[in-house]
Amino acid sequence: MQLIVNGILMGAIISIGAVGLTLVSRILHFFYFGYAGMLVLGAYFTLTFFNFLGIPLVLSLILSIPLLALLAIGVDRLTFKNLRSRGTGPFGMMVVGIGLELLLRSGVRLIWGSDVMRYDLPITRAMVLPFDIRVTKNQLIIIGASLALMYLLHLFLAKTRIGKAMRATADNLELAKIRGIDTERVIMWTWSLAAISAGSAGFFLALDTRLVPIMGWKLLLPLFAAVILGGVGNPYGALVGGMVIGLSQEVSAGFMAASYKPAVAFVIMTLTLLIKPSGLFGRGG
């Protein structure tokens with residue numbers, strides 16, 4: 001039971017992060033490895049506001065998201081927009097994304113250093129629940145906040161005009177332009193949602209563990225596995241896929257070494273590509 005609770009916690013973090021990654025993959029048509037850097041920056045921006053400037057933790061996260069969104073949009077304007085106008089294919093865009101991830105990770109090391117860091121929060125004892133399940137207050141907050149954020153993202157994508165425009169752009173970019181949809185504005189909103197997802201996932205992961213520059217890269221494989229399992233471009237599939245990956249990784253620790261957790265995500269991703277390449281819920285959505 002403890003492993004299942006741990007899996008739900010990790011699944012919530014992966015699910016939130018996978019939503020932003022699948023939106024970028026669907027609308028921009030390439031896998032963005034620089035997403036790992038966005039995840040790390042979200043955690044470190046929050047750390048700066050909270051630890052160094054003394055701003056309340058929740059407000060620190062809220063302030064970090066716009067900074068991360070502006071950075072993501074700026075990177076898109078300087079790099080990916082020019083590449084799109086030149087007809088660069090998905091592979092070229094992906095290679096540039098890998099370079100950006102290395103650049104962002106190096107920037108984190110340069111500014112904040114490579115030492116392990118934590119949010120300056122008081123240490124609290126874990127609560128003991130039935131079946132000897134132990135869970136901390138922060139972990140309950142992470143699960144609850146993740147569920148609330150998932151619902152808000154659902155409302156945005158399903159009910160707002162920009163959410164509908166994003167779905168239309170994902171289905172057919174050229175047709176969306178003909179119908180009068182401002183696709184560049186849609187792309188900016190895509191990066192903004194990616195910033196919300198990545199920044200929140202990075203913050204939740206750091207809140208439960210610690211901050212290190214490599215943390216985003218380590219989470220990237222489970223994120224890709226969740227996206228592929230749920231169906232590339234399907235945000236609801238990414239939510240389910242993230243929960244499956246999180247549960248699978250944590251439950252596997254009951255009968256194999258914890259160091260094999262990334263291998264579990266890799267095996268699930270590979271089997272999905274072999275058996276049902278479109279994912280459990282199909283592409284798009």
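Please refer to the structure higher up on the page.
Bear in mind that the values here come from a model prediction, so they are computed numbers and not experimental data. (Residues numbered from 1 in each chain as written. Predicted model: local features only at pLDDT ≥ 70, side-chain atom pairs only at ≥ 80, totals over all residues. Heavy atoms only, no water.)

Asks: I'm lost on the overall build of the chain in this one. Help?
Replies: Within the chain one finds eleven helices and two strands. Across the chain, helices and strands are ordered from the amino to the carboxyl terminus as α-α-α-α-β-β-α-α-α-α-α-α-α. By the compact-globule yardstick of 19 Å for 285 residues, the chain fits well, its C-alpha radius of gyration being 18 Å. In terms of its C-alpha atoms, the chain occupies a principal-axis envelope of roughly 60 × 45 × 35 Å. Taken over 285 residues, the chain has a buried fraction of 50%. Taking all contacts inside the chain whose residues are at least 6 apart in sequence as the whole, residues at least 24 apart take part in 75%. Approximately 13500 Å² of the chain is accessible, and the part contributed by carbon and sulfur atoms is 69%. Both charge centroids of the chain, one from 23 positive and one from 11 negative side chains, sit 5 Å from each other. (Helix = DSSP H or I, 4+ residues; strand = E, 2+ residues; numbered from the N terminus. Rg over C-alpha atoms; globule rule 2.2 N^0.38 Å. Buried < 20%, exposed > 50% of the residue type's maximum accessible area, 1.4 Å probe, protein only. Contact = heavy atoms within 4.5 Å. Areas by Shrake-Rupley, 256 points an atom, 1.4 Å probe, with all protein chains shown as cover. Lys, Arg positive; Asp, Glu negative; His and termini not counted. Charge placed at Lys NZ, Arg CZ, Asp CG, Glu CD.)

Asks: What is the right way to read the pattern of salt bridges from this model?
Replies: Between side chains of opposite charge, a pair can form when the charged atoms approach closely. Summed over all chains, the structure comprises seven salt bridges. Here Arg84 and Asp76 are joined by a salt bridge, their closest N and O atoms 2.9 Å apart. On the basis of relative accessible area, Asp76 is assigned to the buried category, the value being 1%. Across the salt bridge formed by Asp132 and Arg134, the nearest N and O atoms sit 3.6 Å from each other. (Salt bridge = Lys/Arg side-chain N within 4 Å of Asp/Glu carboxyl O.)

Asks: What am I meant to see in helix H10 (residues 235-252) here?
Replies: Residues three or four positions apart in an α-helix share a direction because the helix packs 3.6 residues into each turn. Under the 1.5 Å per step criterion, the end-to-end length of H10 is 26 Å for 18 residues, consistent within 8% with the ideal 26 Å. Buried within H10 are the following residues: Pro235, Gly237, Ala238, Leu239, Gly241, Gly242, Ile245, Gly246, Gln249, Glu250 and Ser252. As for H10, its buried residues are in contact with helix H1 (2-28), helix H5 (137-159), helix H9 (215-230) and helix H11 (261-275). For H10, the N-terminal cap is Asn234; the gap from its side-chain oxygen to the backbone nitrogen of Tyr236 is 3.2 Å. (Expected span 1.5 Å × (residues − 1). Polar contact = N/O pair within 3.5 Å; in protein donor to acceptor, adjacent residues only side chain to side chain.)

Asks: What am I meant to see in the side chain of Ser64 here?
Replies: Structurally, the position occupied by Ser64 is in helix H3 (residues 57-85). According to the relative accessible area criterion, Ser64 is buried, its value standing at 1%. A polar atom in the side chain of Ser64 sits 3.1 Å from the backbone nitrogen of Thr46.

Asks: Sorry if this is basic, but what is going on with the packing of H5 against H10 here?
Replies: The description of two packed helices rests on the angle between their axes and on the distance between the axes. Closest axis-to-axis distance for the H5/H10 pair is 11 Å, and the angle between their directions is 165 degrees. The angle between the axes of H5 and H10 places the two elements in the roughly antiparallel class. For the pair H5 and H10, the sense of crossing is left-handed. Of H10, the residues touching H5 (which contributes Met150, His154, Leu157 and Ala158) are Pro235, Tyr236 and Leu239. For the contact of H5 with H10, the per-class residue count stands at six nonpolar, one polar and no charged. (Axes fitted to C-alpha atoms, helices over the stretch in contact; angles between N-to-C directions. Parallel < 35°, antiparallel > 145°, perpendicular 65-115°, else oblique. Left-handed = near helix turned anticlockwise from the far one by under 90°. Nonpolar A, V, L, I, M, F, W, Y, C, P; charged D, E, K, R; others polar.)

Asks: Any chance you could explain the packing of H1 against helix H6 (residues 161-171) here in plain terms?
Replies: Contact pair H1 / H6: the axes reach a minimum separation of 7 Å and the direction vectors enclose 50 degrees. Taken together, the axes of H1 and H6 are oblique relative to one another. Facing H1, whose interface residues are Leu23, Arg26 and Ile27, H6 presents Met166, Thr169, Ala170 and Asp171. Here the residues of the contact of H1 with H6 sort into four nonpolar, one polar and two charged.

Asks: How should unusual backbone geometry be read in this particular structure?
Replies: Of note, the phi angle at His29 is positive, near 65 degrees, even though the residue is not glycine. Inspection of the secondary structure assignment puts His29 in the loop between H1 and helix H2 (35-52). On the basis of relative accessibility, which here comes to 42%, the residue His29 falls in the partly exposed class.

Asks: Quick question: what am I supposed to make of a nonpolar patch on the surface here?
Replies: A surface patch of nonpolar side chains, amounting to about 890 Å² of accessible area, comprises Met1, Leu3, Ile4, Ile8, Phe131, Val251, Phe255, Met256 and Tyr260. Broken down by element, the nonpolar patch gets its largest block of residues, three residues, from H1. Checked against the element boundaries, Phe131 lands in the loop between strand S1 (127-129) and strand S2 (133-135). (Patch = residues over 30% accessible without salt bridge, like charges linked within 9 Å, V, L, I, M, F, W, Y side chains within 5 Å.)

Asks: Explain the nonpolar core here, please?
Replies: Within soluble globular proteins, side chains that are nonpolar generally end up buried alongside one another. Counting 87 residues, the largest nonpolar core has Tyr32, Met38, Tyr119 and Trp191 as the members making the most contacts within it. With 13 residues, the top contributor of residues to this core is helix H8 (residues 183-208). (Core = buried A, V, L, I, M, F, W, Y, C linked by side-chain atoms within 4.5 Å.)

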